Amino acid sequence: MLFIGFGFPYEGPAPLEAIANGCIFLQPKFQPPHSSLNHEFFRGKPTSRGVSSQHPYAEQYIGRPHVMTVDYNNSLEFDTAIREIMRTKVEPYLPYEYTCEGMLERVHAYIQNQDFCAPETPFPLANLSKPVASPGPLFVPLPNSTALGWAANVTPPPVWPPLSSLRLLVSQEGQSCIEACQSVLLVCEPAHFRFINNKEALRGLEVQCEAVDSETNHVLPAFSVARRECGLQRDPLLFSCAGHSPKYRRLCPCRDLRRGQVALCRECL
């Protein structure tokens with residue numbers, strides 16, 4: 001069975017229902033991604049997020065053989081996908097996070113690990129608990145990875161998701177943190193932005209800065225390689241995983257994830 005998406009509506013429930021009933025979902029790839037810069041539906045909305053297909057979740061976290069994402073304007077690619085679908089038989093598939101058990105597990109984690117009535121834990125670097133004998137950096141290289149992690153000799157603030165899930169990564173110029181994290185099978189975690197919005201993060205990444213300014217711009221924290229300028233975010237409300245600029249490489253607070261439960265990190269339960 002085949003369920004075909006024609007590009008709209010975005011991220012609706014119907015493709016997931018079709019996949020759960022044994023259909024293959026064929027959807028269009030958007031090149032360039034649809035956003036407020038090039039598509040009327042998003043125009044005027046306060047986001048710079050771009051969607052790469054009709055259902056990015058299905059594309060990224062389900063994928064083949066249940067989901068085929070192709071360029072509908074490329075007749076050869078479309079024809080190849082149809083022929084592959086005709087040869088493919090799939091069983092009904094429902095991601096764990098969309099089951100009743102998965103939903104209850106996620107809600108339980110949110111409720112048990114967050115206090116919505118308490119003020120947010122402040123993060124002044126001066127209050128970090130470090131052994132006096134070995135001060136060391138705040139972020140350290142992770143084995144077999146280009147990312148940095150929270151240093152083991154630094155006592156992390158009591159936050160959730162825990163900082164053990166943090167993977168500090170640098171985006172390419174023009175790349176959003178969503179894309180940068182996805183490229184290494186991680187997700188961008190907005191809650192971690194405030195822990196990387198500092199000179200310690202720039203120093204750990206060995207970024208060469210002639211000046212470090214504090215500004216209000218949704219692509220910050222970031223740096224310009226050409227101008228050797230670095231910027232930190234002045235307004236925490238502007239932290240954005242979706243922001244991107246051809247002039248900047250961004251500091252991205254990626255985190256690990258549980259297979260089948262993307263909203264939670266590995267140590268979130």
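If you're wondering where the values come from, they're calculated on a predicted model, not measured in any experiment. (Residues numbered from 1 in each chain as written. Predicted model: local features only at pLDDT ≥ 70, side-chain atom pairs only at ≥ 80, totals over all residues. Heavy atoms only, no water.)

## As for the overall build of the protein chain
Each helix and strand counted, the protein chain has seven helices and 12 strands in total. Expressed along its principal axes, the backbone C-alpha trace of the protein chain runs to roughly 65 × 45 × 35 Å. Out of the 269 residues in the protein chain, the part that is buried amounts to 43%. Considering only intrachain contacts with a sequence separation of at least 6, the fraction spanning at least 24 residues in the protein chain is 61%. Accessible surface computed for the protein chain: about 15,100 Å², of which carbon and sulfur atoms make up 55%. Charged side chains of the protein chain number 24 positive and 26 negative; the gap between the two group centres comes to 3 Å. (Helix = DSSP H or I, 4+ residues; strand = E, 2+ residues; numbered from the N terminus. Buried < 20%, exposed > 50% of the residue type's maximum accessible area, 1.4 Å probe, protein only. Contact = heavy atoms within 4.5 Å. Areas by Shrake-Rupley, 256 points an atom, 1.4 Å probe, with all protein chains shown as cover. Lys, Arg positive; Asp, Glu negative; His and termini not counted. Charge placed at Lys NZ, Arg CZ, Asp CG, Glu CD.)

## Some words on the pattern of salt bridges
Charged atoms that come close allow side chains of opposite charge to pair. Per the stated rule, a full pass over the model turns up 10 salt bridges. Glu-77 serves as the salt-bridge partner of Lys-29, at 3.6 Å between the closest nitrogen and oxygen. Of this pair, Lys-29 sits in strand 2 (residues 24-34) while Glu-77 is found in helix 3 (residues 75-87), placing the two residues 48 residues apart along the sequence. For Glu-77, a relative accessible area of 25% translates into the label partly exposed. With a closest N to O distance of 3.6 Å, Asp-256 and Arg-167 form a salt bridge. One end of the pair, Asp-256, is in the segment after strand 12 (249-255); the other, Arg-167, is in strand 7 (residues 166-170), and 89 residues separate them in sequence. (Salt bridge = Lys/Arg side-chain N within 4 Å of Asp/Glu carboxyl O.)

## Digging into the state of the cysteines
A complete count under the given rule lists five disulfides for this structure. Disulfide pairing places Cys-181 opposite Cys-254 at an S-S distance of 2.0 Å. Between Cys-181 and Cys-254, the S-S torsion sits near -85°, and that sign places the bridge as left-handed. Here Cys-181 is found in helix 5 (residues 177-182), whereas its partner Cys-254 is found in strand 12, with 73 residues between them in sequence. Grouping residues by exposure puts Cys-181 and Cys-254 together as buried. Here Cys-188 engages in a disulfide with Cys-241; their sulfurs sit 2.1 Å apart. (Disulfide = S-S within 2.5 Å.)

## Examining the side chain of Glu-189
Here Glu-189 lies in the loop between strand 8 (187-188) and helix 6 (193-196). Note on Glu-189: relative accessible area 11%, which makes it buried. At 2.7 Å, the side chain of Glu-189 forms a polar contact with the side chain of Arg-255. Leave out the neighbours within four places in its chain, and Glu-189 touches Pro-161, Cys-241, Pro-253 and Arg-255. (Polar contact = N/O pair within 3.5 Å; in protein donor to acceptor, adjacent residues only side chain to side chain.)

## Section: helix 4 (residues 100-113)
Here helix 4 contains 14 residues, and its C-alpha end-to-end distance of 20 Å stays within 8% of the 20 Å for a straight helix at 1.5 Å per residue. Listing the buried residues of helix 4 in full gives Gly-102, Arg-106 and Ala-109. Taken end-on, helix 4 shows its buried residues confined to a sector of 60°, consistent with a single buried face. Away from the buried face of helix 4 by more than 90 degrees, exposed residues Cys-100, Glu-101, Leu-104, Ile-111 and Gln-112 are located. (Expected span 1.5 Å × (residues − 1). Arc of directions from axis to C-beta.)

## Overview of the environment of Thr-99
Its location among the elements puts Thr-99 in the loop between helix 3 and helix 4. The class for Thr-99 is partly exposed, based on a relative accessible area of 21%. Within the structure, Thr-99 has its side chain in polar contact with the backbone oxygen of Tyr-96 (distance 2.6 Å).

## Examining the nonpolar core
In this structure, Phe-139, Trp-150, Leu-168, Phe-193, Ile-196 and Leu-251 are the most contacted members of the largest nonpolar core, which totals 33 residues. Elements represented by at least two residues in this core include exactly strand 6 (148-150), strand 7, helix 5, helix 6, helix 7 (199-204), strand 11 (229-233) and strand 12. (Core = buried A, V, L, I, M, F, W, Y, C linked by side-chain atoms within 4.5 Å.)

## So, the packing of aromatic side chains
The final tally for this structure, using the stated rule, is 14 aromatic pairs. A centroid spacing of 5.1 Å and a plane angle of 5° characterise the contact between Phe-193 and Phe-239, whose relative ring orientation is stacked. With Phe-193 in helix 6 and Phe-239 in the loop between strand 11 and strand 12, this pair connects stretches of sequence that are 46 residues apart. Taking the relative accessible area as the measure of exposure, Phe-239 reaches 18% and is therefore buried. Members of the aromatic cluster, each reached through a chain of ring pairs, are Phe-8, Tyr-10, Phe-30, Phe-41 and Phe-42. (Phe/Tyr/Trp six-rings, centres within 6.5 Å; stacked < 30°, edge-to-face > 60°.)

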